[in-house]
Amino acid sequence: GSGSLLLRTARGGNADAIFGQEKNPTTFTLCRMNMLLHGIKYKDFEIHNGDTLENDELGEQQFDAVVANPPFSAEWTAADKFNNDDRFSKAGVLAPKSKADLAFILHSLSWLATDGTAAIVCFPGVMYRGGKEGKIRKYLIDNNFVDCVIQLPDNLFFGTTIATCIMVLKKSKKDNTVLFIDASSECVKVTNSNKLTDDNTTRILDTYIKRESVEHFAKVVTN
């Protein structure tokens, strides 16, 4: 995208360097401009123009933090060549051609450092659709990669009114639990959309850090 999520994450974690990839040439240019306009030095960011799934250009580095808001239910080739691609092959199946959501999730996981954290904004269907997607979810759970799932309010993001969620992934969890947070009511109405206030985000973050069940809000589940 335009890099706003990447910038927020990098600044919050005092990142030494920023890496990203965007398919749309116009948005790619806008992302690079955003970096410069927000004071990120040219030598401190590396943004590529290209299809993340079809032509990954991030090399072999591992990242402390990975964030993504990929297009929902996008199409991709799901070509046979990806059966030997380390990003996807470990799951045993490829995401459906008409629904690349879990391909983006596996891609994000593949470049995550051993002690890093990934957060991906997801279409809700990735949580319940069956078939190949169900097998990929099982792979993620069986290998203890899913740290938390946060349900967000509807009408929150520009360009979509559906209720999305955030999947948080880690490769080296301290236990085998998954935290589910229902933040679907954590918002205020602003004109025709919803918005997370500072109080809303603080409650979500505090609950994630404490990792305890809260009645009608959060549940810790053992794999």
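For the structure itself, look to the data block above.
Read on for a plain summary of the structure. Predicted model only: the values in this text are computed from it and were never measured. (Residues numbered from 1 in each chain as written. Predicted model: local features only at pLDDT ≥ 70, side-chain atom pairs only at ≥ 80, totals over all residues. Heavy atoms only, no water.)

### Section: unusual backbone geometry
Right, on to step 1. Despite not being glycine, arginine 211 shows a phi value in the positive range, around 55°.
Right, on to step 2. Relative to the elements of secondary structure, arginine 211 occurs in the loop between helix 5 (198-210) and strand 10 (218-222).
Right, on to step 3. For histidine 216, which is not glycine, the phi torsion reads 65° and is therefore positive.
Right, on to step 4. In this structure, histidine 216 sits in the loop between helix 5 and strand 10. (Helix = DSSP H or I, 4+ residues; strand = E, 2+ residues; numbered from the N terminus.)

### A few points about the pairing of strand 7 (residues 177-182)
Along any regular strand, the residues point their side chains to alternate faces of the sheet.
Right, on to step 1. The sheet contact formed by strand 5 (residues 146-151) and strand 7 spans four bridges and is parallel. In the strand pairing of strand 7, valine 149 is matched with phenylalanine 180.
Right, on to step 2. Note: strand 7 against strand 10, five bridges, orientation antiparallel. Pairing of valine 178 across the sheet is with valine 221, part of strand 10. (Pairing = 2+ DSSP bridges.)

### Topic: the pattern of salt bridges
Right, on to step 1. Taken as a whole, this structure holds eight salt bridges when the rule is applied.
Right, on to step 2. Linking arginine 87 and aspartate 85 is a salt bridge whose minimum nitrogen-to-oxygen distance equals 2.9 Å.
Right, on to step 3. The salt bridge partner of arginine 211 is aspartate 147, with a shortest N-O separation of 3.1 Å. Of this pair, arginine 211 sits in the loop between helix 5 and strand 10 while aspartate 147 sits in strand 5, placing them 64 residues apart in sequence.
Right, on to step 4. The buried category is assigned to aspartate 147, whose relative accessible area is 5%. (Salt bridge = Lys/Arg side-chain N within 4 Å of Asp/Glu carboxyl O. Buried < 20%, exposed > 50% of the residue type's maximum accessible area, 1.4 Å probe, protein only.)

### A look at the packing of helix 3 (residues 101-110) against helix 4 (residues 132-142)
Right, on to step 1. Look at helix 3 against helix 4: their axes get within 10 Å of each other, and the N-to-C directions meet at 25°. In terms of orientation, helix 3 lies roughly parallel with respect to helix 4. You can see that helix 3 and helix 4 cross each other, and the crossing is left-handed. When helix 3 is examined against helix 4, the residues Asp101, Leu102, Ile105, Leu106 and Leu109 are found in contact with a partner set consisting of Glu133, Ile136, Arg137, Tyr139 and Leu140.
Right, on to step 2. Class assignment of the residues belonging to the contact of helix 3 with helix 4 gives a composition of seven nonpolar, no polar and three charged. (Axes fitted to C-alpha atoms, helices over the stretch in contact; angles between N-to-C directions. Parallel < 35°, antiparallel > 145°, perpendicular 65-115°, else oblique. Left-handed = near helix turned anticlockwise from the far one by under 90°. Contact = heavy atoms within 4.5 Å. Nonpolar A, V, L, I, M, F, W, Y, C, P; charged D, E, K, R; others polar.)

### Focus: the packing of aromatic side chains
Right, on to step 1. Applying the stated rule across the entire model yields seven aromatic pairs.
Right, on to step 2. A ring pair is formed by phenylalanine 72 and phenylalanine 123, whose centres lie 5.9 Å apart and whose planes are at 50°; its orientation type is tilted. With phenylalanine 72 in the loop between strand 3 (63-68) and helix 3 and phenylalanine 123 in the loop between strand 4 (112-122) and helix 4, this pair connects stretches of sequence that are 51 residues apart.
Right, on to step 3. Among the residues examined, phenylalanine 72 registers a relative accessible area of 26% and is labelled partly exposed.
Right, on to step 4. Judged by centre distance (5.6 Å) and plane angle (90°), the ring pair of phenylalanine 82 and phenylalanine 88 falls under edge-to-face.
Right, on to step 5. By relative accessible area, phenylalanine 82 is classed as buried at 2%.
Right, on to step 6. Each residue in the set Trp76, Phe82 and Phe88 is aromatic and connected to the rest through ring pairs, giving one cluster. (Phe/Tyr/Trp six-rings, centres within 6.5 Å; stacked < 30°, edge-to-face > 60°.)

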